[in-house]
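An overview of the molecular structure
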Amino acid sequence: MFGKGILTGLGITFRHIVDSFAADRRRGFGKNRYLPEGKEHTGPVPGWITVQYPEEKLQLPENFRFYPVLIKDDETGADWCTACGICARVCPPQCIWIVRAKKDDGKPEPRPEQFFIDTTICMQCGYCAEYCPFDAIKMDHRYEYSTLERTVSGIHDKERLTVFQSYYAQTHPRAAAAEKAVRDEKEAKKAKGGRASKEEKPAAAPAAH
């Protein structure tokens, strides 16, 4: 129908006008403009087309991703990263540097002594997290990294990158639960396979006299 698109657009605009008036009324016409500090919107609110950032922030969806972080164990404090280097190899802009730790005898140790990410060239693609076989690197929700210089603060070192696994479980509850289920299943199969192989192992033949 001729003019249907125009009428649809006008209808949406009129609905926003009514919703915004109702939202202003609920806020006391400006008296309660901001949410209490630390509180976030839990979803779209009718009539609120924008939020008063930075005083207000929208709750981020779980799949939102910004810069990567490294995961360490809650109980032991050990890094989950084994310094295998897969994340650095698949990184399109090559912004990851890893220095593997060494034992006292000089042999390589499966943990990173140093880990750097140049966030000035990181494109937040998430390949590092997707390809990591140990769930040791994940994409973070924190996004407020504005700074006036980019030579020092843009390089995130291991200390700055590392977070506890419980932090990741809090920001990504569904993904963390699914990954834990997969890890538990693998551990169960590994334990079962180990017992089965021992049970099926034939007893040693008696020595011939």
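Our subject is the structure that appears above.
This section reports on the structure supplied with the text. Each chain carries its own residue numbering, running from 1 in the direction its sequence is written. Side-chain atom pairs in this predicted model are given and counted only at pLDDT of 80 or more, local residue features only at pLDDT of at least 70, and totals for whole chains, interfaces and linings cover all residues. Computation of side-chain values: all heavy atoms of the structure, hydrogens and water removed.

Side note on the overall build of the protein chain
Selection rule: By the criteria applied, helices consist of DSSP H or I runs no shorter than four residues and strands consist of E runs no shorter than two, each listed in order from the N terminus. Remark: exposure states derive from per-residue accessible area (1.4 Å probe, protein chains only) relative to the maximum for the residue type, with buried under 20%, exposed over 50%, and partly exposed in between. Residue contacts are counted whenever heavy atoms from the two residues lie within 4.5 Å of one another. Throughout, the Shrake-Rupley method with a 1.4 Å probe supplies accessible areas, and for residues the shown protein chains are the sole cover considered.
Check the secondary structure of the protein chain and you find six helices and six strands. Its helices and strands taken in sequence order, the protein chain reads α-β-α-β-β-α-β-β-α-β-α-α from the N to the C terminus. Looking at the protein chain as a whole, 24% of its 209 residues are labelled buried. The contacts in the protein chain between residues at least 6 apart in sequence include a share of 61% that link residues at least 24 apart. Total accessible area computed for the protein chain in this model is approximately 15200 Å², and 57% of it derives from carbon and sulfur atoms.

Overview of the sheet that holds strand E2 (residues 96–102)
Spelled out, the test is: Strand pairing is assigned whenever DSSP detects at least two bridges linking the two strands.
The sheet built from three strands is open, its strands ordered E2-E3-E5 with antiparallel pairing. At either end of the open sheet lies a strand with only one pairing partner, and these are E2 and strand E5 (155–156). The sheet contact formed by E2 and strand E3 (residues 108–118) spans six bridges and is antiparallel. Each bridged residue has a counterpart across the sheet, and for lysine 102 the counterpart in E3 is proline 108.

Considering the side chain of histidine 156
Counting through the fold element by element, histidine 156 comes out in strand E5. When sequence neighbours within four positions are dropped, the list of residues in contact with histidine 156 reads Tyr67, Phe115, Phe116, Ile117, Thr119, Tyr145 and Leu161.

Quick notes on the pairing of strand E1 (residues 68–72)
Each regular strand displays side chains that alternate between the two surfaces of the sheet. By the criterion of burial, E1 is predominantly enclosed, with four of the five residues buried. In this structure, E1 lies alongside strand E4 (residues 137–139), joined through three bridges in antiparallel fashion. Note that in E4 the partner of proline 68 across the bridge is methionine 139. For E1 and strand E6 (residues 162–164), the ladder comprises three bridges, and the chain directions are parallel. Bridge pairing links leucine 70 to threonine 162 in E6.

Some points on a nonpolar patch on the surface
The condition that has to hold: Within this analysis, patches are made of residues with over 30% relative accessible area and no salt bridge. Like charges are joined at 9 Å or less; nonpolar side chains (Val, Leu, Ile, Met, Phe, Trp, Tyr) at 5 Å or less. What counts as a salt bridge is simple: a side-chain nitrogen of Lys or Arg found within 4 Å of a carboxyl oxygen of Asp or Glu.
Among the surface-exposed residues, Met1, Ile6, Leu7 and Leu10 lie close enough to one another that they form a single nonpolar patch of about 510 Å² accessible area. Secondary-structure assignment places isoleucine 6 in helix H1 (residues 4–26).

Describing the sheet that holds E6
Spelled out, the test is: Between the N-to-C directions of two axes lies an angle of 0 to 180 degrees, each axis being a line fitted to C-alpha atoms and, for a helix, fitted only over the stretch in contact.
An order of E4-E1-E6 is seen for the three strands of this open sheet, with the pairing classed as mixed. Because the sheet does not close on itself, it has two edges, and the strands there are E4 and E6. Sheet twist, expressed as the average angle between the axes of neighbouring strands with direction ignored, equals 50°.

Quick notes on the pattern of salt bridges
The final tally for this structure, using the stated rule, is nine salt bridges. Between glutamate 62 and arginine 174 there is a salt bridge, and its shortest N-O distance comes to 3.6 Å. Taken together, the residues span a long stretch of sequence, with glutamate 62 in the loop between H1 and E1 and arginine 174 in helix H6 (residues 173–200) at a distance of 112 residues. With relative accessibility at 60%, the residue arginine 174 sits in the exposed group. We note a salt bridge from aspartate 135 to lysine 138, for which the minimum N-O separation is 3.5 Å. By the burial criterion, aspartate 135 is buried, and lysine 138 matches it. Linked by salt bridges that have partners in common, Asp135, Lys138, Glu179 and Arg183 make up one network.

Points about the packing of aromatic side chains
How we decide: The rule is short: rings of Phe, Tyr and Trp, with Trp giving its six-membered ring, pair when the centres are within 6.5 Å, and they are stacked under 30 degrees, edge-to-face over 60, tilted in between.
One pass over the full model with this rule turns up five aromatic pairs. Between tyrosine 127 and tyrosine 131 the ring centres are 6.0 Å apart and the planes differ by 65°, which places this aromatic pair in the edge-to-face class. With tyrosine 127 and tyrosine 131 both in helix H3 (residues 127–131), this residue pair falls four residues apart, about one helical turn. On the basis of relative accessibility, which here comes to 37%, the residue tyrosine 127 falls in the partly exposed class. Aromatic ring contacts, followed pair by pair, group Phe66, Tyr67 and Tyr145 into a single cluster.

Function-wise, these values are silent; they only describe arrangement.
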